[in-house]
Amino acid sequence: MVNEIKIVAIIGAGFLGKQIASQTAFYDYTIRLYDVRTETLEKLVKKIARKKKKKGALGEITYHNNLNEAVSDADLIIEAVPEILELKKKIFSQIDENAPPHAIIATNSSSIPVSRIEDAVQRKDKVLNMHFYHQAIPMVDLMKGTRTSEETFEIGKRWIESIEFTPIIVKKESFGFVFNRLWHRLRLEALKMWAEGIVDIEMMDIAWKIFTHMDVGPFELMDTIGLDTVYNVHMSYFKETGDPKEKPPQALKDMIDKNMLGMKTKKGFYEY
Ligand SMILES: NC(=O)c1ccc[n+]([C@@H]2O[C@H](COP(=O)([O-])OP(=O)(O)OC[C@H]3O[C@@H](n4cnc5c(N)ncnc54)[C@H](O)[C@@H]3O)[C@@H](O)[C@H]2O)c1
């Protein structure tokens with residue numbers, strides 16, 4: 001195992017993948033990006049390369065049309081594809097087959113413990129949860145799988161510190177980690193109160209902002225995250241527990257079916 005990360009591959013350059021790449025670009029790392037949608041990658045890579053140059057950060061940024069190429073020389077691979085267990089397993093397995101033996105594979109999943117994914121790989125000692133929030137929130141939950149080594153965990157922790165984010169150490173496996181678990185409960189209650197007609201979204205956002213002194217409320221935040229991602233995360237909790245109380249309201253699903261996904265489609269709870 002090399003003790004130092006030099007090349008970071010990010011698999012899935014969507015909302016979070018882009019932000020992870022963007023933060024990593026400020027530091028001396030080479031970044032490899034892969035996404036099934038290649039059309040926007042070239043533009044993104046140029047933008048990040050400009051940022052890197054301006055900051056004087058070493059290392060290149062490249063994008064790739066196939067995953068195998070993107071991970072072939074990586075030391076750390078961060079998977080940030082949609083929140084679907086079977087897809088994540090498939091991606092982990094392909095990474096495992098093509099990345100160098102020393103490479104660490106992390107999942108940015110919002111809820112799925114890496115222990116549910118680790119069966120897909122041989123290198124069970126080199127996997128972990130590395131859960132980023134959106135970029136304005138400079139912290140990352142770090143959680144082990146059942147066989148993650150101390151060395152892997154320590155390298156992951158040091159790498160997070162090296163990009164000047166705070167690692168939040170999860171001591172025991174927890175579905176939803178630490179802060180995300182808390183945020184999940186609050187968000188589900190907000191969604192239910194809206195769906196039951198108890199409160200308007202604007203009112204809820206105002207109450208939240210007054211109470212927390214934050215600039216954004218839960219509905220504004222959900223529009224930023226993407227309502228499809230929010231829905232998938234809540235469905236993961238529902239599937240995990242089987243508890244109908246965990247199910248997100250049908251009204252949220254109806255919005256997704258109408259392509260009202262939040263900021264990315266210019267319409268969600270609010271219009272943009
Ligand atoms: N949105 C958030 O605020 C947030 C926060 C923390 C963690 N996460 C987690 O990050 C992951 C990604 O979420 P997101 O919000 O960035 O979703 P997103 O839909 O914006 O991005 C996912 C990207 O993955 C790509 N993709 C789909 N299938 C792929 C494949 N087979 N190979 C490569 N790329 C593929 C898509 O084209 C898309 O660009 C999820 O696990 C989510 O739970 C999201």
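Check the entry above for the structure.
Figured I'd write up the structure that's included with this text. Quantities reported herein were computed from a predicted structural model and do not represent experimental measurements.

## Overview of the packing of aromatic side chains
For any pair of aromatic rings, the description consists of the separation of the ring centres together with the inter-plane angle of the planes.
Move 1: Under the defined criterion, the tally for this structure stands at nine aromatic pairs.
Move 2: Consider the rings of Phe 132 and Phe 165, whose centres lie 6.1 Å apart with planes at 55 degrees: the pair is tilted. With a gap of 33 residues between them, Phe 132 in strand β6 (residues 127-132) and Phe 165 in the loop between α5 (150-162) and β8 (166-169) connect regions that are remote in the sequence. Each member of the pair, Phe 132 as well as Phe 165, is classed as buried.
Move 3: On the numbers, 6.4 Å between centres and 65 degrees between planes, the contact of Trp 194 with Phe 219 is edge-to-face. In this pair, Trp 194 sits in helix α6 (residues 179-195) while Phe 219 sits in helix α8 (residues 218-225), placing the two residues 25 residues apart along the sequence.
Move 4: The ring of Phe 153 is capped by Lys 144, whose NZ or CZ atom sits 5.2 Å from the centre of that ring.
Move 5: Over the aromatic face of Trp 183 sits the side chain of Arg 187, whose NZ or CZ is 5.1 Å from the ring centroid.

## Digging into the site of the ligand
Move 1: Contacts to the ligand come from 23 residues, most closely from Leu 16, Asp 35, Glu 83, Lys 88 and Ser 110.
Move 2: Val 36 places a main-chain nitrogen or oxygen 3.5 Å from a nitrogen atom of the ligand.
Move 3: Out of a free accessible area of 820 Å², the ligand has 89% covered by protein chains.
Move 4: Of all the secondary-structure elements, those providing two or more residues to the shell around the ligand are α1 (15-24), α4 (85-98) and β6.
Move 5: The element best represented in the shell around the ligand is α4, accounting for three residues.
Move 6: Residue composition of the shell around the ligand, by class: 12 nonpolar, seven polar and four charged.

## Details of a positive patch on the surface
Move 1: Judged by side-chain charge, Lys 18, Arg 37, Lys 43, Lys 47 and Arg 50 come together as a positively charged surface patch.
Move 2: The element best represented in the positive patch is helix α2 (residues 41-55), accounting for three residues.
Move 3: In this fold, Arg 50 is placed in helix α2.
Move 4: On the accessibility criterion, Arg 50 (56% relative accessible area) is exposed.

Rules used throughout
- Residues numbered from 1 in each chain as written.
- Predicted model: local features only at pLDDT ≥ 70, side-chain atom pairs only at ≥ 80, totals over all residues.
- Heavy atoms only, no water.
- Phe/Tyr/Trp six-rings, centres within 6.5 Å; stacked < 30°, edge-to-face > 60°.
- Helix = DSSP H or I, 4+ residues; strand = E, 2+ residues; numbered from the N terminus.
- Buried < 20%, exposed > 50% of the residue type's maximum accessible area, 1.4 Å probe, protein only.
- Lys NZ or Arg CZ within 6 Å of the ring centre and 35° of its normal.
- Near = heavy atom within 4 Å.
- Polar contact = N/O pair within 3.5 Å; in protein donor to acceptor, adjacent residues only side chain to side chain.
- Areas by Shrake-Rupley, 256 points an atom, 1.4 Å probe, with all protein chains shown as cover.
- Nonpolar A, V, L, I, M, F, W, Y, C, P; charged D, E, K, R; others polar.
- Patch = residues over 30% accessible without salt bridge, like charges linked within 9 Å, V, L, I, M, F, W, Y side chains within 5 Å.
- Salt bridge = Lys/Arg side-chain N within 4 Å of Asp/Glu carboxyl O.
- Lys, Arg positive; Asp, Glu negative; His and termini not counted.
- Charge placed at Lys NZ, Arg CZ, Asp CG, Glu CD.

Function cannot be read off these values alone, since they describe shape.
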